[in-house]
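Here is what each chain is made of, one letter per residue.
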Amino acid sequence: FFAHRLINKHAVYSLPQSMNTFYINNIDLLEKKAVDADKRRYSVKGEASRHYIDVDYYSVDSPFVVMPRYKKDAIAKFSLDTLEEYGILPWHINFCYYELVKAMKNKDAQKVIYLSADLGHYIADANVPLHTTLNYNGQLTKQDGIHAFWESRLPELFHSNYNLIVPKIEYIDNVLDKIWETIEQSHSAKDTVLLFEQELRRSYDDDKIYSFEAKGGRSNGVYSKEYSKDYHDLMNGLVERQMRKSIHLTSSVWFTAWVDAGQPNMNNWE
């Protein structure tokens, strides 16, 4: 949850003046709602498949050649049931983008906040390598728990040292193509995420990998700080780079939706 909130918060700071008054006024709500999509996984049918796409189900060697970019083509080739089982993340981001354009055109401030928060969440998911593979939690390689380790534990421990100032945001000519480009880049880092942890684990005694920390009035088992730091160092800034990409892309998609909505004046929205 922590990383999603941080990404939405920093995405606000990258927006142009014509947008940022509205977003800054609602920054606390955008942070809070950054985790709503995860909460819906347990109550809304079909929500879970919106957070990932296991591209290596379709092909181990060339999934981005095999998989059509457009959803209707992918359905025709593989069936809707197959897509929903192995994830619809890129298409759902594209859907949310078009919904955000409509909400901005309609000056529906509440829906703009809701959709912007969701977009930040799903875009962050697209930048997590483990959201692109069947081995999403290391369960196929005896690395159970690596998902939360990579996505939550490492940012919580080391974010204070990250530089999260991103380049100037850009208008995106084709959001769906950009999301596929993002997923392909994330997937290319999958082996780094998994293999480096495997190598490090072999060099550690089991009792040094985990520790207990007090949180919420109780003691929780977590990856030890020493093990976390060694793993984080092995990846040489990968977590930070993916968070920066998430922030930049989130801001750019919000901005693109605003331009495509006709650049409405948002500064007087409630």
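For the structure itself, look to the data block above.
A brief structural summary. Since this is a predicted model, take the numbers as computed values, not measurements.

## Examining the overall build of the chain
- Of regular secondary structure, the chain possesses 15 helices and 2 strands.
- For 270 residues, the compact-globule formula gives about 18 Å, and the C-alpha radius of gyration of the chain, at 19 Å, lands near that figure.
- Split into buried and exposed, the 270 residues of the chain put 52% on the buried side.
- Residue pairs at least 24 apart in sequence account for 75% of intrachain contacts in the chain once pairs closer than 6 positions are excluded.

## Here's the deal with the packing of helix α9 (residues 109–126) against helix α15 (residues 238–260)
- Interaxial distance between α9 and α15 falls to 9 Å at its minimum, and their mutual angle equals 140 degrees. Between α9 and α15, the crossing angle belongs to the class labelled oblique. Between α9 and α15 lies a crossing of right-handed hand. Across from Ser116, Leu119, Gly120, Ile123 and Ala124 in α9, the residues of α15 making contact are Ser246, Leu249, Thr250, Val253 and Trp254.

## With respect to helix α1 (residues 2–13)
- Between its terminal C-alpha atoms α1 stretches 18 Å, which fits the 16 Å expected from 12 residues at 1.5 Å a residue.
- Every buried residue belonging to α1 is among Ala3, His4, Leu6, Ile7, Asn8, Ala11 and Val12, and all of these are buried.
- For α1, the elements touching its buried residues are α2 (17–25), α3 (27–33), α4 (36–40), α9, α10 (146–158) and α15.

## What about the pattern of salt bridges?
- On inspection of all chains with the given rule, the structure shows 15 salt bridges.
- Residues lysine 178 and glutamate 181 are paired through a salt bridge, measuring 3.4 Å at the closest nitrogen-oxygen approach. With lysine 178 and glutamate 181 both in helix α11 (residues 175–188) and 3 residues apart, the pair spans about one turn of that helix.
- Under the relative-accessibility criterion, lysine 178 is labelled partly exposed at 22%.
- For glutamate 181, a relative accessible area of 47% gives the class partly exposed.
- The salt bridge involving lysine 229 is made with aspartate 233; its shortest N-O contact spans 2.7 Å.

The rules we used
Residues numbered from 1 in each chain as written. Predicted model: local features only at pLDDT ≥ 70, side-chain atom pairs only at ≥ 80, totals over all residues. Heavy atoms only, no water. Helix = DSSP H or I, 4+ residues; strand = E, 2+ residues; numbered from the N terminus. Rg over C-alpha atoms; globule rule 2.2 N^0.38 Å. Buried < 20%, exposed > 50% of the residue type's maximum accessible area, 1.4 Å probe, protein only. Contact = heavy atoms within 4.5 Å. Axes fitted to C-alpha atoms, helices over the stretch in contact; angles between N-to-C directions. Parallel < 35°, antiparallel > 145°, perpendicular 65-115°, else oblique. Left-handed = near helix turned anticlockwise from the far one by under 90°. Expected span 1.5 Å × (residues − 1). Salt bridge = Lys/Arg side-chain N within 4 Å of Asp/Glu carboxyl O.

So far we have only geometry, and geometry alone does not tell us how the molecule works.
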